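# Structural overview for review
Residue strings, one per chain:
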Amino acid sequence: MVGPQRPQIVLFGSSIVQLSFSNGGWGAILSDIYARKADIVLRGYYGWNSRRALQVLDQIFPKDANVHPDLVIVYFGGNDSMGPHSSGLGPHVPLQEYVENMRKIANHLKSLSNTTRIIFLSCPPVDEVRLRENTSTIFSELVRTNDLCQRYSEACIELCQEINVKVVDLWTAFQKRDDWLTVCFTDGVHLSAEGSKIVVQEILKVLKEAEWTPSLHWKSMLTEFSEDSPYDLVYSDGKTTLNPSDWTFHREIQWD
């Protein structure tokens, strides 16, 4: 491990997490926002459901680790919500089992430390038409519908309210944009840069409003090695230097 030790934010979930550094993804955006403030750690697994997550939960988040994450952002549900396959194989997880699996994930993360915070992301909608058009013939009986996505999203939100876990309602957040069907996805389900911007905006909103001590909102966190230095660029007066530690002018969006 390299030092100094920073706060650690872990992204844990299925392909929407694994691909979060692709296509202007939300993981990459968070890494930029939290540069010199926290380390963004990726634990994403393409195609996984909540059952597979439970199988490795102790390996990814061991209770006896020397350092525990400060924040875990969790997304499972898109694969769980797919319709069941006639063979019994595949990612589908019945709704009530999905809820209990997510409860177990939350309870495990809460047990890591008193300062480990959690945010769940609920299922976003999908572009059903594009999914049908783009699905490869190597797959059998793939069923993804917005009716199923909505049911699993609502169940996730209800669980979070019950167990006092912060949640981002992606189902609603995406559909606030009139053009969400055309701009939020690369293939009908995985996120484009525009879809990822919505995810980041909603996560930052939760972090800003959360009454956590210490705060995990980026503007409230210390910037590493931010002291003034005579080696910084010299100001136009030729006598003083400009400290660039917190410059953000390079960002397309000035995040709040």
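Just above sits the structure.
Please read all numbers here as calculations on a predicted model, not as lab measurements.

## Some details on the nonpolar core
The tendency in soluble globular proteins is for nonpolar side chains to be buried as a group. If you look at the biggest cluster of nonpolar residues, it comprises 72 residues, and the most contacted ones within it are W26 and Y34. Residue contacts for W26: discarding those within four places in its chain leaves L11, I16, V17, S20, I73, L121, L191, S196, V199, V200 and I203.

## Comments concerning helix 4 (residues 95–110)
Since the α-helix turns once every 3.6 residues, residues separated by three or four places project in the same direction. Taking 1.5 Å per residue, 16 residues should reach 22 Å; helix 4 reaches 23 Å between its end C-alpha atoms and fits that length. Among the residues of helix 4, Y98, V99, N101, M102, R103, I105, A106, H108 and L109 are the ones counted as buried. Those residues of helix 4 that are buried lie in contact with strand 1 (8–13), helix 3 (50–60), strand 3 (71–75), strand 4 (117–121) and helix 6 (146–163).

## What to know about the pairing of strand 4
With five of five residues buried, strand 4 lies mostly within the body of the structure. Across the two faces of strand 4 the burial is the same, with R117, I119 and L121 and I118 and F120 all buried. For the crossover that starts at strand 3, traverses helix 4 and ends in the parallel strand 4, the hand is right-handed. When strand 4 meets strand 5 (residues 166–168), the two strands line up parallel, connected through three bridges. In the strand pairing of strand 5, F120 is matched with V167.

## Some words on the packing of aromatic side chains
Applying the stated criterion across every chain, the model contains seven aromatic pairs. Ring geometry for F12 and F61: centres 5.3 Å apart, planes at 80°, overall edge-to-face. Remark: F61 occurs in the loop between helix 3 and strand 3 and F12 occurs in strand 1; sequence separation between them is 49 residues. Ring plane angle 80° and centroid distance 5.1 Å describe the contact between F12 and F76, whose orientation is recorded as edge-to-face. In this pair, F12 is assigned in strand 1 and F76 in the loop between strand 3 and helix 4, connecting sequence segments 64 residues apart.

## What to know about a nonpolar patch on the surface
On the surface, L233, Y235, L242, W247 and F249 cluster together to form a nonpolar patch covering roughly 570 Å² of accessible area. Inspection of the secondary structure assignment puts F249 in the segment after strand 7 (241–242).

## Quick word on the environment of V10
Within the secondary structure layout, V10 lies in strand 1. Other than its neighbours up to four places away in sequence, V10 contacts V41, R43, F61, P69, L71, V72 and I73.

## Topic: the pattern of salt bridges
Throughout the structure, instances matching the rule amount to 15 salt bridges. E224 is the salt-bridge partner of R6, the closest N and O atoms lying 2.9 Å from each other. Taken together, the positions of R6 in the segment before strand 1 and E224 in the loop between helix 9 (193–209) and strand 6 (233–234) put the pair 218 residues apart, joining distant regions of the chain. Under the relative-accessibility criterion, R6 is labelled partly exposed at 24%. Given a relative accessible area of 18%, E224 falls into the buried group. The partner of R177 in a salt bridge is D179, and the shortest N-O contact between them spans 2.9 Å.

## Overview of the environment of R36
Here R36 lies in the loop between helix 2 (26–33) and strand 2 (39–44). Taking C-alpha positions, R36 is 21 Å from V206, a pair spaced 170 residues apart along the chain. Those residues within four positions of R36 in sequence are excluded, and the remaining contacts are R6, L222, T223, E224, F225, S226 and S245. Separated by 2.8 Å, the side chain of R36 and the backbone oxygen of F225 make a polar contact.

## As for helix 2
Among the residues of helix 2, W26, G27, I29, L30 and I33 are the ones counted as buried. Looking down the long axis of helix 2, one finds its buried residues gathered within 160° of arc, a one-sided arrangement.

How each quantity is defined
Residues numbered from 1 in each chain as written. Predicted model: local features only at pLDDT ≥ 70, side-chain atom pairs only at ≥ 80, totals over all residues. Heavy atoms only, no water. Core = buried A, V, L, I, M, F, W, Y, C linked by side-chain atoms within 4.5 Å. Buried < 20%, exposed > 50% of the residue type's maximum accessible area, 1.4 Å probe, protein only. Contact = heavy atoms within 4.5 Å. Helix = DSSP H or I, 4+ residues; strand = E, 2+ residues; numbered from the N terminus. Expected span 1.5 Å × (residues − 1). Right-handed = clockwise from strand over helix to strand, strands pointing away. Pairing = 2+ DSSP bridges. Phe/Tyr/Trp six-rings, centres within 6.5 Å; stacked < 30°, edge-to-face > 60°. Patch = residues over 30% accessible without salt bridge, like charges linked within 9 Å, V, L, I, M, F, W, Y side chains within 5 Å. Areas by Shrake-Rupley, 256 points an atom, 1.4 Å probe, with all protein chains shown as cover. Salt bridge = Lys/Arg side-chain N within 4 Å of Asp/Glu carboxyl O. Polar contact = N/O pair within 3.5 Å; in protein donor to acceptor, adjacent residues only side chain to side chain. Arc of directions from axis to C-beta.

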